[in-house]
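Breakdown of the fold
Spelled out, the chains give:
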Amino acid sequence: MRKNIKLHLIVLAFVAAGEWIGSKQFNIGVGTIALFPMLYVLILGGIVSWPKFKLLTQKQMKNAATILGISFMLFVAKLGTMLGPSLPKIFEAGLSLAFQEVGHVIGTIIIGLPIALLLGMKRESIGATFSIDREPNLAIIAEKYGADSPEGRGALGVYVCGTVFGAVYLALLAGFLGSLGFLHPISLAMGAGVGSGSMMAAASGALAVTFPNDAADIALFAAAANLITTILGTYICVFFSLPVTVRLYNWLEPKLGRHKLSIDKGAAKYD
């Protein structure tokens, strides 16, 4: 506690500032952007930890990451106490919860892979698009191809981007989609459970601001979807999404790659 007193004081100041500002909504014509305290704190934390400012040392930032992990354990435990009494609701929506995993997997492959190839990525696009690349997905890629492989670098790049920008991006996206009016808040809550605690918390927080009357159900279904994604998503990535991504890469790269002749032309095809 004494060694990290600076971190605690910074976090306390950020939380106080975020709560003082409160939740805000801005109409941009086609929809509304919802801003809420957690989003402010994420942005302020990103500014303070910018290396050029030298406000925090590398050791302090590592300590903050460790404390964050403990905090999320408490957050998940709190959500777990909500899951038990609401199991009938979850079982009632069982098929919907299972089906949302298809979107998490297919969306990254069908949309992400062609875009990655058009941007000029080669084998890195496999690791970058077979999933949203959280910790279990990094382990899958490292085991199959090696952490220093092109696939490993692609997966790690998406992991870093998700860690730095993912929560902010999903918070803004969830609030905007919720304001459009044609998507049910519970469907959006299921979509918030992408397998990352921070992203799920940010997205469900924005949805709770947009749909205050459904805040409890949003937290419940987001947590259930996140749990299902974490458990089932690992097996789906191993047996379905990674093999499919590899086959699509072999088929699409000669057609969509920025260079007609792939730099992997002389390499053996993937299994």
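First, a word on what this report is: a plain description of the structure on this page. (Residues numbered from 1 in each chain as written. Predicted model: local features only at pLDDT ≥ 70, side-chain atom pairs only at ≥ 80, totals over all residues. Heavy atoms only, no water.)

Further remarks concern the overall build of the protein. What the protein contains, in helices and strands, is eleven helices and two strands. When the helices and strands of the protein are read in sequence order from the N terminus, they spell out α-β-β-α-α-α-α-α-α-α-α-α-α. Out of the 271 residues in the protein, the part that is buried amounts to 38%. Across the protein, the fraction of contacts at a sequence separation of at least 24, relative to all contacts at a separation of at least 6, is 72%. When the accessible area of the protein is evaluated, it comes to approximately 15,500 Å², of which 70% is carbon and sulfur surface. (Helix = DSSP H or I, 4+ residues; strand = E, 2+ residues; numbered from the N terminus. Buried < 20%, exposed > 50% of the residue type's maximum accessible area, 1.4 Å probe, protein only. Contact = heavy atoms within 4.5 Å. Areas by Shrake-Rupley, 256 points an atom, 1.4 Å probe, with all protein chains shown as cover.)

With that settled, the discussion passes to the side chain of glutamine 60. Counting through the fold element by element, glutamine 60 comes out in helix α3 (residues 58–83). A distance of 2.9 Å separates a polar atom in the side chain of glutamine 60 from the backbone nitrogen of threonine 57. (Polar contact = N/O pair within 3.5 Å; in protein donor to acceptor, adjacent residues only side chain to side chain.)

With respect to the helices and strands, glycine 257 occurs in the segment after α11 (215–256). Along the backbone, glycine 257 and glycine 120 are 137 residues apart, and their C-alpha atoms lie at a distance of 6.1 Å.

In this section: the pattern of salt bridges. When charged atoms on two side chains of opposite charge get close, those side chains can pair. Scanning the entire structure with this criterion turns up three salt bridges. Two residues, glutamate 253 and lysine 122, come together in a salt bridge whose shortest N-O distance is 2.5 Å. Taken together, the positions of glutamate 253 in helix α11 and lysine 122 in the loop between α5 (94–118) and α6 (124–129) put the pair 131 residues apart, joining distant regions of the chain. With its nearest N and O atoms 3.2 Å apart, the salt bridge here joins arginine 123 to glutamate 151. (Salt bridge = Lys/Arg side-chain N within 4 Å of Asp/Glu carboxyl O.)

As a further point, take the packing of aromatic side chains. The full count for this structure, using the stated rule, is zero aromatic pairs. Across from the ring centre of tyrosine 145, 5.6 Å away, lies the NZ or CZ of lysine 144, which sits over that ring. (Phe/Tyr/Trp six-rings, centres within 6.5 Å; stacked < 30°, edge-to-face > 60°. Lys NZ or Arg CZ within 6 Å of the ring centre and 35° of its normal.)

Counting buried positions along helix α9 (residues 185–192) gives six out of eight residues, so the element sits mostly inside the fold. Along α9, the positions that sit buried rather than exposed are Pro185, Ile186, Leu188, Ala189, Met190 and Ala192.

Next up on the list: the packing of helix α7 (residues 135–144) against α11. Direction vectors running N to C along α7 and α11 enclose 50°, while the axes themselves pass 9 Å from each other. With respect to α11, the axis of α7 lies oblique. Both α7 and α11 take part in a crossing whose hand is right-handed. Judged by residue contacts, Pro136, Asn137, Ile140, Ile141 and Lys144 of α7 engage Thr234, Cys237, Val238 and Leu242 from α11. Tallied by class, the residues present in the contact of α7 with α11 amount to six nonpolar, two polar and one charged. (Axes fitted to C-alpha atoms, helices over the stretch in contact; angles between N-to-C directions. Parallel < 35°, antiparallel > 145°, perpendicular 65-115°, else oblique. Left-handed = near helix turned anticlockwise from the far one by under 90°. Nonpolar A, V, L, I, M, F, W, Y, C, P; charged D, E, K, R; others polar.)

In this section: the nonpolar core. Within the largest apolar cluster, 26 residues are counted, with the highest numbers of intra-cluster contacts made by Ala171, Leu207 and Phe221. At the level of elements, α2 (37–48), α8 (150–180), α9, α10 (197–210) and α11 are the ones that each hand at least two residues to this core. For this core, the leading source of residues is α10, giving six residues. Counting twelve residues, the second-largest nonpolar core is a separate cluster that includes Leu113, Leu117, Leu242 and Tyr249. (Core = buried A, V, L, I, M, F, W, Y, C linked by side-chain atoms within 4.5 Å.)

As for its position among the elements, isoleucine 111 is in helix α5. Put simply, isoleucine 111 and threonine 129 are 18 residues apart on the chain and 8.7 Å apart in space, counted from C-alpha to C-alpha.

Fair warning: the whole summary comes from geometry, so function is off the table for now.
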